[in-house]
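# Observations on chain architecture
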Amino acid sequence: MSMQIVCLDLEGVLIPEIWIAFAEKTGIEALKRTTRDEPNYDNLMRYRLDILKEYQLKLQDIQAVIDELDPLPGAKEFVEWVTSQTRLIILSDTFTQFAVPLMKKLAYPTLFCHHLEINQEGFITDYHLRMKDHKRKAVEAFKALHFRTFAAGDSYNDLSMIEIADDKALYCPPQKLIKERPDLTIAKSHTELRAIIETIL
């Protein structure tokens, strides 16, 4: 069976890490912590929300930074190539309120992600997962529909979908993850990732 669906993480693969960009803009070093550092996503998000509350930062403050972001170099062209060859699904642990503005810059690929709860004053009060471990469950669902799947991501929260996919790779992962998972193919650029997908196709 030829490959029919490519499943990719978003941040760190196609766009910059939003929380890191926001941390650099605000000077709050603690917000540079990502899933590369904290594998437990709930712990990470509670940590982030506590910091936002402490500094009285609103959703619009984050969105203002997001508006200034562009896709990673080569990402738009890579997305265009993948979608010209097969189906592309972005499986991300980001949020609709963050990612939608950036989807326009990537020519609107299909995105599955989570949702933030915002109060009347514009503060982020909570977050809601589309479903727990949704990346893995999406890939499992595609396989159950008899699609051959390829999955790639850059961090610990991508491993569950990567492990269940028929074909897989890590994209520019941290050195710690490379050492922990020597069994996984590494792509260090969109050119290398395209070459891996072309070989599978």
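Residues numbered from 1 in each chain as written. Predicted model: local features only at pLDDT ≥ 70, side-chain atom pairs only at ≥ 80, totals over all residues. Heavy atoms only, no water.

## With respect to the state of the cysteines
For the coordinates displayed, the defined rule picks out zero disulfides. In this structure Cys 113 is a free cysteine whose sulfur lies 15 Å from that of Cys 7, the closest cysteine sulfur available. The class of Cys 113 is buried, set by a relative accessible area of 10%. In this structure Cys 172 is not part of a disulfide, and its nearest cysteine sulfur, from Cys 7, lies 19 Å away. (Disulfide = S-S within 2.5 Å. Buried < 20%, exposed > 50% of the residue type's maximum accessible area, 1.4 Å probe, protein only.)

## So, the packing of aromatic side chains
Two numbers describe a pair of aromatic rings. These are the distance of the centres and the angle of the planes. Summed over all chains, the structure comprises four aromatic pairs. An angle of 90 degrees between the planes, with centres 6.0 Å apart, marks the rings of Tyr 41 and Tyr 127 as edge-to-face. Here Tyr 41, found in helix α2 (residues 41-55), pairs with Tyr 127, found in strand β4 (residues 124-128); they are 86 residues apart in sequence, far enough to count as distant. You can call Tyr 41 buried: its relative accessible area is 12%. (Phe/Tyr/Trp six-rings, centres within 6.5 Å; stacked < 30°, edge-to-face > 60°. Helix = DSSP H or I, 4+ residues; strand = E, 2+ residues; numbered from the N terminus.)

## As for empty space enclosed by the protein
To locate leftover empty space, one rolls a probe as large as a water molecule over the atoms. The full count for this structure, using the stated rule, is one cavity of 30 Å³ or more. By volume, the largest cavity amounts to about 160 Å³. In terms of lining, the largest cavity is formed by 19 residues, of which the most central are Glu 11, Glu 17, Thr 35, Asp 93 and Asn 157. Mapped onto the lining of the largest cavity, the elements with two or more residues apiece are α2 and β2 (87-95). Grouping the constituent residues of the lining of the largest cavity by class yields five nonpolar, six polar and eight charged. (1 Å grid on protein atoms, 1.4 Å probe; cavity = no way out; pocket = protein on both sides within 12 Å on 5 of 7 lines; lining within 4 Å. Points joined across faces, edges and corners; volume = space filled by probe spheres on them. Nonpolar A, V, L, I, M, F, W, Y, C, P; charged D, E, K, R; others polar.)

## Topic: the packing of helix α1 (residues 18-26) against helix α3 (residues 59-66)
Two elements in contact, α1 and α3, have axes separated by 9 Å at closest approach and are oriented at 100 degrees. On the basis of the axis angle, α1 is roughly perpendicular to α3. Where α1 abuts α3, its residues Ile 18, Trp 19, Ala 21, Phe 22 and Lys 25 lie against Asp 61, Ile 62, Val 65 and Ile 66. A per-class count over the contact of α1 with α3 returns seven nonpolar, no polar and two charged. (Axes fitted to C-alpha atoms, helices over the stretch in contact; angles between N-to-C directions. Parallel < 35°, antiparallel > 145°, perpendicular 65-115°, else oblique. Contact = heavy atoms within 4.5 Å.)

## Description of the layout of surface pockets
Considered as a void within the structure, the largest pocket measures approximately 330 Å³ in volume. Looking at the largest pocket, it is lined by 16 residues, and the ones nearest its centre are Tyr 41, Asp 93, Lys 132, Asp 133 and Asn 157. Among the secondary structure elements, those contributing two or more residues to the lining of the largest pocket are α2 and α6 (134-144). Classifying every residue of the lining of the largest pocket gives six nonpolar, five polar and five charged. Its volume calculated, the second largest pocket comes out at about 190 Å³. Lining the second largest pocket are Arg 46, Leu 49, Asp 50, Leu 52, Lys 53, Gln 56, Leu 57, Asn 119, Phe 123, Ile 124 and Thr 125. Top element by residues in the lining of the second largest pocket is α2. It accounts for five residues. Among the residues forming the lining of the second largest pocket, the class breakdown is five nonpolar, three polar and three charged.

This is a description of form; function is not addressed.
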